[in-house]
Amino acid sequence: MKIPNHVGIIVDGNGRWAVKKGKKRSEGHLAGSKNLDNLCQYIFDKGIKVLSLYVFSTENFKRSDEEVNYLMDLFVKKFKNDFKIFSKKDIRIVFSGRREPLKKEILDIIDDITCKTKDNKSGILNFCLNYGSHAEIVDACKKINLEVINNNLNIDIIDEKIFKKYLYNDLPDLDLLIRTGGELRLSNFMLWQSAYAEFYFTDVLFPDFNSDEFDKALLSYSNRDRRFGGINYEKKNN
Ligand code: FPP
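Cut-offs applied
Residues numbered from 1 in each chain as written. Predicted model: local features only at pLDDT ≥ 70, side-chain atom pairs only at ≥ 80, totals over all residues. Heavy atoms only, no water. Pairing = 2+ DSSP bridges. Helix = DSSP H or I, 4+ residues; strand = E, 2+ residues; numbered from the N terminus. Axes fitted to C-alpha atoms, helices over the stretch in contact; angles between N-to-C directions. Buried < 20%, exposed > 50% of the residue type's maximum accessible area, 1.4 Å probe, protein only. Salt bridge = Lys/Arg side-chain N within 4 Å of Asp/Glu carboxyl O. Expected span 1.5 Å × (residues − 1). Arc of directions from axis to C-beta. Contact = heavy atoms within 4.5 Å. Near = heavy atom within 4 Å. Polar contact = N/O pair within 3.5 Å; in protein donor to acceptor, adjacent residues only side chain to side chain. Areas by Shrake-Rupley, 256 points an atom, 1.4 Å probe, with all protein chains shown as cover. Nonpolar A, V, L, I, M, F, W, Y, C, P; charged D, E, K, R; others polar.

K.L.:
I would appreciate a short explanation of the sheet that holds strand β1 (residues 6-10) in the present structure.
P.N.:
Either a parallel or an antiparallel arrangement is found when strands of a sheet pair, and the pairing is made through backbone hydrogen bonds. The six strands lie next to each other as β3-β4-β2-β1-β5-β6, forming an open sheet whose pairing is parallel. Each edge of the open sheet is held by one strand with a lone partner, namely β3 (91-96) and β6 (198-201). The average angle at which neighbouring strand axes cross in this sheet is 20°, direction not considered. Across four bridges, strand β5 (residues 176-179) lies against β6 in parallel orientation.

K.L.:
Is there a simple way to explain unusual backbone geometry in this structure?
P.N.:
For the bond from Glu100 to Pro101, the omega torsion is 0°, close enough to zero to count as cis. Inspection of the secondary structure assignment puts Pro101 in the loop between β3 and α4 (104-116). We note that Asn151 has phi near 60°; this positive angle belongs to a residue other than glycine. By the element assignment, Asn151 lies in the loop between α5 (133-149) and α6 (160-164). Given a relative accessible area of 70%, Asn151 falls into the exposed group.

K.L.:
Just checking my understanding: could you explain the pattern of salt bridges for this structure?
P.N.:
When the charged atoms of two side chains lie near each other, side chains of opposite charge can form a pair. Summed over all chains, the structure comprises 21 salt bridges. In this structure, Asp108 and Lys104 form a salt bridge, with 2.7 Å as the shortest nitrogen-oxygen distance. Of this pair, Asp108 and Lys104 both sit in helix α4, separated by four residues, roughly a single helical turn. Given a relative accessible area of 38%, Asp108 falls into the partly exposed group. Take Lys104: its relative accessible area is 62%, and that puts it in the exposed class. Ionic pairing is found between Arg224 and Glu198, a salt bridge with its closest N-O pair at 3.1 Å. On the criterion of sequence distance, the pair formed by Arg224 in the loop between α7 (211-222) and α8 (233-236) and Glu198 in strand β6 is long-range, its members being 26 residues apart. A single network of salt bridges, built from pairs that share partners, joins Asp175, Glu198, Arg224 and Arg226.

K.L.:
Please clarify how α5 should be interpreted in this entry.
P.N.:
Structurally, the α-helix is built with 3.6 residues per turn, so residues lying three or four positions apart point the same way. Under the 1.5 Å per step criterion, the end-to-end length of α5 is 24 Å for 17 residues, consistent within 8% with the ideal 24 Å. Three or more residues of α5 are buried, namely Ser133, Ala135, Glu136, Asp139, Ala140 and Ile144. Just beyond α5, the residue with positive phi is Asn151, at close to 60°.

K.L.:
Would you mind going over α4 with me for this structure?
P.N.:
Across its 13 residues, α4 extends 18 Å between first and last C-alpha, which sits within 8% of the 18 Å expected from 1.5 Å per residue. Those residues of α4 that sit buried are Ile106, Leu107, Ile109, Ile110 and Ile113. Here the buried residues of α4 occupy an arc of 160° about the axis, which is enough to place them on one side. Considering only its buried residues, α4 is in contact with α3 (65-88), β3 and β4 (123-131).

K.L.:
Which parts of the structure should I look at to understand the site of the ligand?
P.N.:
Looking at the ligand, there are 18 residues lining it, with Asp12, Asn14, Arg16, Arg25 and Arg63 nearest. Backbone polar atom of Asn14 to an oxygen atom of the ligand: 2.8 Å apart, as the coordinates give it. At 3.3 Å, a backbone N or O of Gly15 approaches an oxygen atom of the ligand. Protein coverage of the free-state accessible area of the ligand, which is 620 Å², stands at 93%. Only α1 (14-20), α2 (25-45) and α3 provide two or more residues apiece to the shell around the ligand. Across the shell around the ligand, the residue classes break down as seven nonpolar, six polar and five charged.

Structure representation (structure tokens):
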């Protein structure tokens with residue numbers, strides 16, 4: 001089976017999972033968070049090197065204060081727990097997204113974990129939090145502009161490879177992008193990085209997206225013919 005290098009997951013359907021069961025939306029987020037515990041370990045054990053999770057978009061701030069506050073508290077607990085598990089496994093933890101208007105408590109944890117795991121080499125776990133891809137590209141342009149104005153960067157040498165270094169994290173392009181919860185859209189997730197990603201959409205709501213469901217996505221990925229705009233001559237001649 002072909003194993004992708006970088007997998008991204010748009011974690012969706014926690015709220016609907018809870019409502020279907022007559023529970024509060026927050027219980028769906030808790031179930032999603034517990035599901036992530038097992039799933040992340042399974043994914044790294046499969047040999048995937050980079051895992052990006054879209055856990056909170058810039059637009060998610062439009063939700064009720066109660067839901068946003070619940071999620072922020074859950075993130076703090078989860079990051080502390082993930083730090084314990086993944087630092088032992090030599091996995092680097094990084095975060096992608098704008099800092100404002102995140103609270104100091106969460107920013108401190110983000111900074112602490114990023115710093116403590118920065119030399120880990122076996123894999124990367126990237127939490128996209130307060131993330132939006134348009135904002136990421138705009139922010140990269142602003143950073144580049146400053147570098148050019150300060151004579152630290154020559155505008156003539158800027159190409160895709162250099163541009164990428166100014167995104168929130170310099171990660172490899174996505175190979176496989178999964179969205180749970182039945183919606184067929186990208187919702188502003190990693191637009192730059194998904195230029196040649198293979199997409200996998202499933203109706204399964206995130207709390208039910210377990211290792212068996214992940215294997216289905218991998219199998220589907222394995223059967224794709226990735227040509228990156230070229231032609232697979234070997235396959236054509238068969
Ligand atoms: C998308 O909508 C999902 C979120 C806004 C939150 C995702 C959060 C988690 C999986 C919880 C834990 C994650 C960490 C890192 C602690 P939704 O799931 O509310 O979906 P719906 O309303 O469309 O069903």
